[in-house]
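One-letter residues, chain by chain:
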Amino acid sequence: TGTLCIIFHDAFMFAIPQVLSLLLDFMRDEDAPLWKGYFYATLMFLLSCLQSLFNHQYMYTCFTVGMRVKTAVMGLVYRKSLVINSSARRTCTVGEIVNLVSADTQKLMDFVVYFNAVWLAPIEIALCLFFLWQHLGPSALAGIATVILIFPLNGFIAKKRSKLQEIQMKFMDGRIRLMNEILNGIKILKFYAWEKAFLEQVLGYREKELKALKKSQILYSISIITVSPVLSSKIAFAMFGVYVMLDDRNVLDAQKVFVSMALINILKTPLSQLPFAISTTMQALVSLRRLAKYLCSEELKVDNVSKAPLSPGKNYVLIESGTFSWTPEGPPCLKRINVRVPRGSLVAVVGHVGSGKSSLLSAMLGETEKRSGQVTVKGSVAYVPQQAWIQNATVQDNILFGRDKLKTWYQRVLEACALLPDLDILPAGDATEIGEKGLNLSGGQKQRVSLARAVYRKADVYLLDDPLSAVDAHVGQHIFDRVIGPKGVLRDKTRILVTHGMSFLPQADLILVLADGKITESGSYQELLGRHGAFADFIHTFASTERKESMSVTGPDLFVFSYLFVLQVRLALYKKYFKTIGLAIIILIVILYAFQQGASLAYNYWLSMWADDPVVNGTQIDTDLKLFVFGALGFVQGIAIFGTTVAISVCGIIASRQLHMDLLVNVLRSPMSFFESTPSGNLLNRFAKEIDAIDCMVPEGLKMMLSYVFKLLEVCIIVLMATPFAAVIILPLAFLYAFVQSFYVATSCQLRRLEAVSRSPIYTHFNETVQGASVIRAFGEQPRFILQANERVDFNQTSYFPRFVATRWLAVNLEFVGNVVVLAAAILSVMGRSTLSPGIVGLAVSHSLQVTGILSWIVRSWTDVENNIVSVERVNEYADTPKEASWSTEGSSLPVAWPQSGTIELQGYGLQYRKGLELALKDITLHINPKEKVGIVGRTGAGKSSLALGFFRILEAAKGKIFIDGVNIADIGLHDLRSRITIIPQDPVLFSGSLRMNLDPFDTYTDEEIWSSLELAHLKTFVSDLPDKLNYECSEGGENLSLGQRQLVCLARALLRKTKILVLDEATAAVDLETDTLIQSTIRTQFEHCTVLTIAHRLNTIMDYTRVIVMDRGHVSEMDSPANLISQRGQFYRMCLEAGLV
């Protein structure tokens, strides 16, 4: 139906110049009856109305189809992200996948909308030329020649621009990837005072991106000269020139000139649409290639694991001579694996960091490439990953994970996983909304929610990847007894447990010892001890040691949902945008525009005077001079247009550079609480979508709008010159137009906002899915997630659809207004037939025919600007959020070597997570001497980690002071403070980039220093075996290193900084006991002359410290040397008793 509509539209479009020709005939012929004139005038009006109706029906059809295509492709990409294998997943980052959904699907949609122009435009061009030939004979060919000469140039420019666009997209992808990591690792950046280094990196990408954009814009300006209004003047110049030169007898009269001009104006549309349609097609092809590359990337093979139904057979999990690797080409990560897991048994998997324990579970899930062998798993599977994956939903939704709620079973699971006390702390119990990636839960709570999700499933086979690493020892024991162990909820299930905890091993039915990807020993605890192998030695060394761990306090909760402004985008935004550019340049631009339109007016008026020139014995006089002036005016107009487009593009780049810079600095200067309550999807959206809109869309829209507004002025001047009486009609029409437009702009802006607000959840959900794909697959929940994604996309489309329907409504109304102007001009001309020359009438009517087009373009570009200026508002939104204290203080008298001794003093110190919440630390007064080693212990939520946040001023003091070496830390700049003390944080975060960059982003240390710190961190052998050594590229989030190795990299960072004060926060949660001992001894020897504060969970690590502080509910409940505390038989003694140390 769409194509039919467009064909009708074309028919009416070409009928109009023919009617115009008849009307001008009538003007010349004094004897023709008046009714003919009125008839022609009305006929033109009707044809114009029909033309616009058909056109918009066609656009509507296209949009609907385009929308369906977009939705379908989004669904495809989403479904693909659930089956893509790990080697392919490593080549494309989360940022790139989100980009496919946001940018590339949109390009496909644009392609569907403009695709017909690719074949229609040439036909329309041919028709125009045919009619021109009828009027001007062979000289119409001159026009064709002009067009033919211009096209190759445009083709060449389009090609260059698509190359530049790919370059720009590449830098943009890099910038978004980096931003994604910065937002994920923002806590580390703050602890280490690394914001500046990353700021520089982001700006580096940004400059390259803008450079490509600038080149592309200048090329675009060159191609604009060859299309747009200037093109019609060139064609006219060529045609009329040749026509006059060919023969003196060829006279230009009003009919020839203005019918030709009307045809040339029709010609402009397909000519300008064609390059646009071609470039859209090009972009769509680039996007299609990107999508195809992703959609064709390797998937997990279904036969990696053969799933068998439950049968009375003995073995539930069976691996026979299996060899596995992460990539099809890469080295195997597991070799010659044979495992038989009998039904209902508990299998423990132990081994050093990086020995392949997690890989073994992945192999059972079918996440790794199976090189050879056979894997069979019977029944349903539940999986608990090493790093808990939590959805942005309520605690209950996270545990039920799509199942129905069975009340008694649910309560049993909560009780078994020790979640009941935590739910009492959370503001809304199990209905508390958890931020994305579990931001307001501590490590241990996330891990337990993740475990509860698995237990609730009642699956047959349980794969548990070290779920006890992030919880307190007593909680760990509780969970083992109540869930995993021989008396637990899962006692009849088949359990495979990766663990570092020695105390659980005697209760396992089978123990697998892994080293370097091979199973070196297997058997029960007693058998292995009896063999006196590596395992037995290991056990004897660490028999006494026990693990103690803890988790941080829950941070703020309750996500502030995005809000809608009901107000129209206010003038303030434009003011902000233009202020960024500068007043001088803006005035210059307006002058350039006025100049350009003046040239155009003079040019057209000259033409009408020429047409009215009397014909003296078959010829006109001074044709050469007239032709010369005509050409010169056209040339001036071309230069002016080039000037304006370049000027606006440059301004746009100035503004967007500044706005991006402000946004980046504002975000990096925000305090930690801001990142906890702002989903990173929202922030990424600002950096990707909104900045992109400010880069390209706003300047584009302004260019269009200004040029058409000035064009409209010109038309009004011409119509009023011909028939001053038209003012009576033009004024009321102007009011009608203003009313329709304001009505529309308000609606459209709201719809646009709704659409933007409903778009963020799509990306957040996408992000989540990509990160938790292995969990979703293990639980077999893909259909539910696909459904959820589809619902979110549909919800987004419900606000997108009314938006473009509203656009069509507006366009139909406006074109009607335009057509009334045509009617007015024509009828008034007929009335004043006696006084008006055909030249002026031709000029007025042929110009009024353009009004409809101009009006719809003005509104379209105006709404584009209105809609995209919203991006300025959304980017600016974070300018007014609270900021941290300044990074460095002016004229501070801090000595270079501060802190020299490392004394720490707290006076009545208290701190809270948010105004209005109760204090997390209450009235703490302490004095820590230089070189003292202090352990901080306490139950979950006692305020241990809060103390660390206080030292680094991640949270500012609510009352009291902290002095380091006698300097009040509240008086110095944050970077001065944070760069002089060091922390080894809970979660080891790495950024993508070289290993060297991860250790030393400012390049302040020599290679020797870096190597010696790696050696002390026991990473030297590992790093020297890597292909690129220090330049080894870490992948996004450091995923190509194991968790333990990342922890060691964090230790190496601390060794490199070698400051007088070191804070250790739960830094050994993911490390096996042997590595842990190495770390502890390194810290003892290397930091001997430093003050060390350890937030401990394994009490044996702090038994030789000088003092232990026992925290309880934000107070210091006991403080003394470990020996004294044990003799006092208080809280510390009870903790030691639980850990079996007394």
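Residues numbered from 1 in each chain as written. Predicted model: local features only at pLDDT ≥ 70, side-chain atom pairs only at ≥ 80, totals over all residues. Heavy atoms only, no water.

You'll find the protein chain entered in an unreviewed UniProt entry as ABC-type glutathione-S-conjugate transporter, with Poecilia latipinna given as the organism. Its UniProt record gives the protein chain a comment under Sequence similarities (unreviewed entry), which states: "Belongs to the ABC transporter superfamily. ABCC family. Conjugate transporter (TC 3.A.1.208) subfamily." (UniProt positions renumbered as here; feature names shortened; annotations may be inferred.)

Novice: Report on a nonpolar patch on the surface, specifying residues and quantitative values.
Specialist: Together, F115, V118, W119, I123 and L127 line one region of the surface with nonpolar side chains, adding up to about 400 Å² of accessible area. For I123, the position within the fold is in helix α4 (residues 94-136). (Patch = residues over 30% accessible without salt bridge, like charges linked within 9 Å, V, L, I, M, F, W, Y side chains within 5 Å. Areas by Shrake-Rupley, 256 points an atom, 1.4 Å probe, with all protein chains shown as cover. Salt bridge = Lys/Arg side-chain N within 4 Å of Asp/Glu carboxyl O. Helix = DSSP H or I, 4+ residues; strand = E, 2+ residues; numbered from the N terminus.)

Novice: Hey, could you go over the packing of aromatic side chains for me, with residue numbers and the actual values?
Specialist: All chains considered together, the criterion is met by 24 aromatic pairs. Between the aromatic rings of Y78 and F766, the centroid separation amounts to 5.2 Å while the plane-to-plane angle is 70 degrees, which identifies the pairing as edge-to-face. Of the two residues, Y78 sits in helix α2 (residues 34-81) while F766 sits in helix α23 (residues 727-771), which places them 688 residues apart along the sequence. Exposure class is identical for Y78 and F766. Each is buried. Ring centres of Y410 and Y456 lie 6.1 Å apart, and the angle between their planes is 85 degrees; on these two criteria the pair is classed as edge-to-face. Remark: Y456 occurs in helix α14 (residues 443-456) and Y410 occurs in helix α12 (residues 407-416); sequence separation between them is 46 residues. Of the aromatic side chains, those joined through ring pairs into one cluster are Y60, F63, Y800, F801 and F804. (Phe/Tyr/Trp six-rings, centres within 6.5 Å; stacked < 30°, edge-to-face > 60°. Buried < 20%, exposed > 50% of the residue type's maximum accessible area, 1.4 Å probe, protein only.)

Novice: Any chance you could break down helix α31 (residues 1007-1016) for me, citing the residues and the numbers?
Specialist: Buried within α31 we find I1010, S1013 and L1014. Down the axis of α31, the buried side of the element spans an arc of 100 degrees, and every buried residue falls inside it. Looking at the buried residues of α31, the elements they touch are α30 (995-999), α32 (1020-1025) and α33 (1043-1057). (Arc of directions from axis to C-beta. Contact = heavy atoms within 4.5 Å.)

Novice: Could you give an account of helix α26 (residues 838-848), with specific residues and numbers?
Specialist: Of all 11 residues making up α26, 10 are buried, and the element is well covered by its neighbours. Inspection of α26 places G839, I840, V841, G842, L843, A844, V845, S846, H847 and S848 among the buried residues, and these make up the whole buried set.

Novice: Quick rundown of the pattern of salt bridges? Include the residues and the values.
Specialist: What the rule picks out here adds up to 28 salt bridges. Of the charged contacts, one joins K959 and D923 as a salt bridge, the two residues approaching to 3.8 Å between their closest N and O atoms. Residue K959 is found in strand β14 (residues 959-964), and its partner D923 is found in strand β12 (residues 921-928); the two are separated by 36 residues along the sequence. For K959, a relative accessible area of 35% puts it in the partly exposed group. We note a salt bridge from R1107 to E932, for which the minimum N-O separation is 2.7 Å.

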